[in-house]
Amino acid sequence: MSYILRYFDGIGISEATRLLLTAANVEWTEEHPEWPQEKANQPYGRMPVLIEKAVDGETDFVICESGSIERYLARKYGFIPADLKQAALQEQLRDLMFDVNHALAGRLSSKCKEDRVESEKKFEDLLALVIKEQTKLITSNDNSGHLFGDSLSYADIVLYGFYKNLLQSVVVLLPDVADIVRTMLTPEVLNLISAVESDPKVVKHTSKGNSLARAAAME
Amino acid sequence: MLSGSDTVYVLRYFDLIGRAEGCRLLLTAANASWTEEHPEWPAEKANQPFERLPVLVERSNGDEWILCESLTIERYLARVFGFMPTDLKQAALQEQMVDQQADLVPAFMAQLMATDDMKSKQIDEFNTLLDRIVKEHGRILSRNSSKQHLFGDQLSYADISLYAFYKVYIVYLKIYQSNIDEIVKPKLTPEIINLILSIEKEPLLAPHLSKCDSMAAVLTSKAL
């Protein structure tokens, strides 16, 4: 089984997908189509796109929408639990983190100071709730360095990708965001970021580029 | 897989179609024991796990379990009650369609709230995305032998989600933008209209849809 991930050459919203492909220990490559020239050549004019290469002359399986891509890979390779409630709790966390991303997009598109202040508050309030929940889960999971269970899961991977985007990607457009996030991070979440970064299943990918664990802990 | 017969659900949301119609239709189709709560807002904000709605409360054997995020709630209910395929690829195709539909929400809000200088650009983006969704619905339908369903020959999560989607953009959002139905309706092909009407007639959905205005009159009227 081999995969192609089509996306921009950046962290963005695809880091969790990259980590899942790495953790799945499958053959995968990345394509960075010329944009917007290649827009019309994508199934829905957007990215990311995941192509699961066919074997034996069957058709490739193509899936779009970052959440659907993630959940497909996570289920296929065993990073989302079979238990429906446990699966739903992990998916809930992902959706919440993406709500934070949307609030941040609101901040970026704000036209006037009042809107910016309101967007920023919305972003910070929601991020605070998310960090509180993540910390609570880690603590009640015996501070094992995992949100759920005792091995790397979908939720752990999404958390890592979420903070990587905020601290090492968004920072280019909104430099103050990284500072805000750092002041809000708890030791438990920092610990989990480190645990994911050094997890044997993903270290091949997380060791590329600058350490998120270090970026998250910096004063 | 059905949950125990002593399991009851409470859906907490506003007394609006909003983001909860998919959840309502799934609970209805499942023939689950369920009720709705409309918390005082914003008074009850702090009492919700993430200060937002919808919230699903599942009560069984004295235990209570809570889930948030509308699409996570939908996917959970769809899986519990057998409306999501067990085949991972088939499930991903249904989830993909639902995610695409959800992308329209920020585009709708952006064109609604746009300042004059950005209005026309945001309206174009909204229309482009909407056209793509309608086209995708048509494409999926054209590949299915049953024209009463998007996938297979029984009511699935995708059918329920499609119905809720058009209800939102033809009926519900009129409270924000009175001409939204005039923008959306002309884009619908006869096949999609027939699909919506077929889903509306599904016996499993009757307990809920019988309490709502039918989309049939809205969709088949000649006058806009």
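What counts, and where the lines are drawn
Residues numbered from 1 in each chain as written. Chains lettered and ligands numbered in written order. Predicted model: local features only at pLDDT ≥ 70, side-chain atom pairs only at ≥ 80, totals over all residues. Heavy atoms only, no water. Helix = DSSP H or I, 4+ residues; strand = E, 2+ residues; numbered from the N terminus. Rg over C-alpha atoms; globule rule 2.2 N^0.38 Å. Buried < 20%, exposed > 50% of the residue type's maximum accessible area, 1.4 Å probe, protein only. Contact = heavy atoms within 4.5 Å. Areas by Shrake-Rupley, 256 points an atom, 1.4 Å probe, with all protein chains shown as cover. Lys, Arg positive; Asp, Glu negative; His and termini not counted. Charge placed at Lys NZ, Arg CZ, Asp CG, Glu CD. Pairing = 2+ DSSP bridges. Axes fitted to C-alpha atoms, helices over the stretch in contact; angles between N-to-C directions. Right-handed = clockwise from strand over helix to strand, strands pointing away. 1 Å grid on protein atoms, 1.4 Å probe; cavity = no way out; pocket = protein on both sides within 12 Å on 5 of 7 lines; lining within 4 Å. Points joined across faces, edges and corners; volume = space filled by probe spheres on them. Nonpolar A, V, L, I, M, F, W, Y, C, P; charged D, E, K, R; others polar. Parallel < 35°, antiparallel > 145°, perpendicular 65-115°, else oblique. Left-handed = near helix turned anticlockwise from the far one by under 90°. Salt bridge = Lys/Arg side-chain N within 4 Å of Asp/Glu carboxyl O. Polar contact = N/O pair within 3.5 Å; in protein donor to acceptor, adjacent residues only side chain to side chain. Patch = residues over 30% accessible without salt bridge, like charges linked within 9 Å, V, L, I, M, F, W, Y side chains within 5 Å. Phe/Tyr/Trp six-rings, centres within 6.5 Å; stacked < 30°, edge-to-face > 60°. Lys NZ or Arg CZ within 6 Å of the ring centre and 35° of its normal.

### Considering the overall build of chain B
Summing up its helical and strand segments, chain B has nine helices and four strands in all. For chain B, the succession of helices and strands along the chain, N to C, is β-α-β-β-β-α-α-α-α-α-α-α-α. The C-alpha radius of gyration computed for chain B amounts to 18 Å, which stays within 12% of the reference 17 Å derived for 224 residues, consistent with globular compactness. The burial tally for chain B puts 52% of its 224 residues in the buried class. Sequence-distant contacts in chain B: of pairs separated by 6 or more residues, those separated by 24 or more amount to 64%. Counting every atom, chain B has about 10500 Å² of accessible surface; 53% of that belongs to carbon and sulfur. Taking the 23 positively charged and 31 negatively charged side chains of chain B as two groups, their mean positions are separated by 5 Å.

### Considering the sheet that holds strand β3 (residues 55–60) of chain B
Note on sheets: strands pair through backbone hydrogen bonds, and any given pair is parallel or antiparallel. What the four strands build is an open sheet, ordered β2-β1-β3-β4 (chain B); its pairing is mixed. Every other strand in the sheet has two partners, leaving β2 (33–37) and β4 (63–68) of chain B as the edge strands with one partner each. Taken over all neighbouring pairs, the strand axes of this sheet differ in orientation by 20° on average, direction set aside. Where strand β1 (residues 8–12) of chain B meets β3(B), five bridges bridge the pair, whose relative direction is antiparallel. Opposite Leu11(B), over in β3(B), you have Leu56(B) as the bridge partner. Set on the sheet, helix α3 (residues 84–108) of chain A makes contact with β3 and β4 of chain B; between it and β4(B) the angle comes to about 35°.

### Re the pairing of strand β1 (residues 2–6) of chain A
Residue and element names in this part refer to chain A. Along β1, five of the five residues are buried, which leaves the element largely enclosed by surrounding structure. For β1 and strand β2 (residues 27–31), the ladder comprises five bridges, and the chain directions are parallel. Within β2, the residue paired with Tyr-3 across the bridge is Trp-28. Each parallel crossover has a hand, and the one from β1 via helix α1 (residues 15–23) to β2 is right-handed. Here β1 runs beside strand β3 (residues 49–52); their pairing, made up of four bridges, is antiparallel. Residue pairing for β3: Leu-5 is matched across the bridge by Leu-50.

### A few points about empty space enclosed by the protein
Empty space among the atoms becomes apparent when a probe as large as a water molecule is rolled across them. All names here are of chain A. Following the criterion strictly, the structure yields three cavities of 30 Å³ or more and no others. Taken together, 13 residues line the largest cavity, and the ones lying closest to its centre are Ile-13, Phe-98, Val-158, Gly-161 and Phe-162. When residues of the lining of the largest cavity are traced back to their parent elements, those giving at least two are α1, α3 and α5 (154–168). Take the lining of the largest cavity: its biggest share by element is four residues, from α5. A per-class count over the lining of the largest cavity returns six nonpolar, five polar and two charged.

### Considering the packing of α1(A) against α5(A)
Residues and elements named next belong to chain A. It is the contact of α1 with α5, at a shortest axis distance of 8 Å, that shows an interaxial angle of 135°. What the angle tells us is that α1 and α5 run oblique. For the pair α1 and α5, the crossing hand works out as right-handed. Contact residues: α1 offers Glu-15, Ala-16, Leu-19, Leu-20 and Ala-23, while α5 offers Tyr-154, Ile-157, Val-158, Tyr-160, Gly-161 and Lys-164. When the residues that make up the contact of α1 with α5 are grouped by side-chain class, the tally is eight nonpolar, one polar and two charged.

### Some words on the interface of chain B and chain A
Taken together, the contact between chain B and chain A spans 32 residues of the former and 29 residues of the latter. Scanning the region where chain B abuts chain A turns up eight salt bridges. A salt bridge links Glu58(B) to Lys85(A), with the shortest nitrogen-to-oxygen separation between them at 2.5 Å. Viewed at the interface, chain A and chain B are joined by 19 residue pairs in polar contact (both at pLDDT 80 or more). Of all elements in the fold, only β4, α2 (70–80), α3 (88–113) and α4 (116–142) of chain B reach the threshold of two or more residues within the side of chain B that touches chain A. Among the elements that line the side of chain B that touches chain A, the one with the most residues is α3(B), at nine residues. Looking at the side of chain B that touches chain A residue by residue, the class counts come to 15 nonpolar, four polar and 13 charged.

### Re the layout of surface pockets
Here the second largest pocket is characterised by a volume of approximately 680 Å³. Asp60(A), Phe61(A), Val62(A), Leu93(B) and Arg143(B) are, among the 24 residues lining the second largest pocket, the residues nearest its centre. Looking at the lining of the second largest pocket, the elements with two or more residues in it are β4 (61–64) of chain A together with α3 and α4 of chain B. In terms of residue count, the dominant contributor to the lining of the second largest pocket is α3(B) (four residues).

### Here we look at a nonpolar patch on the surface
Residue and element names in this part refer to chain B. A cluster of nonpolar side chains, namely Leu-16, Ile-175 and Tyr-176, defines an oily patch on the protein surface of about 310 Å² accessible area. Inspection of the secondary structure assignment puts Leu-16 in the loop between β1 and α1 (21–29). Take Leu-16: its relative accessible area is 35%, and that puts it in the partly exposed class.

### So, the packing of aromatic side chains
Enumeration according to the criterion identifies 15 aromatic pairs over all chains in this entry. Pairing Tyr3(A) with Tyr77(A) gives two aromatic rings, centres 6.2 Å apart and planes at 75°, and the pair type is edge-to-face. In this pair, Tyr3(A) is assigned in strand β1 and Tyr77(A) in the loop between α2 (66–76) and α3, connecting sequence segments 74 residues apart. Judged by relative accessible area, which is 23%, Tyr77(A) ranks as partly exposed. Linked through ring pairs, Phe108(B), Phe126(B), Phe165(B), Tyr166(B) and Tyr169(B) together constitute an aromatic cluster. The ring of Phe61(A) carries Lys89(B) above its face, with NZ or CZ at 5.2 Å from the centroid.

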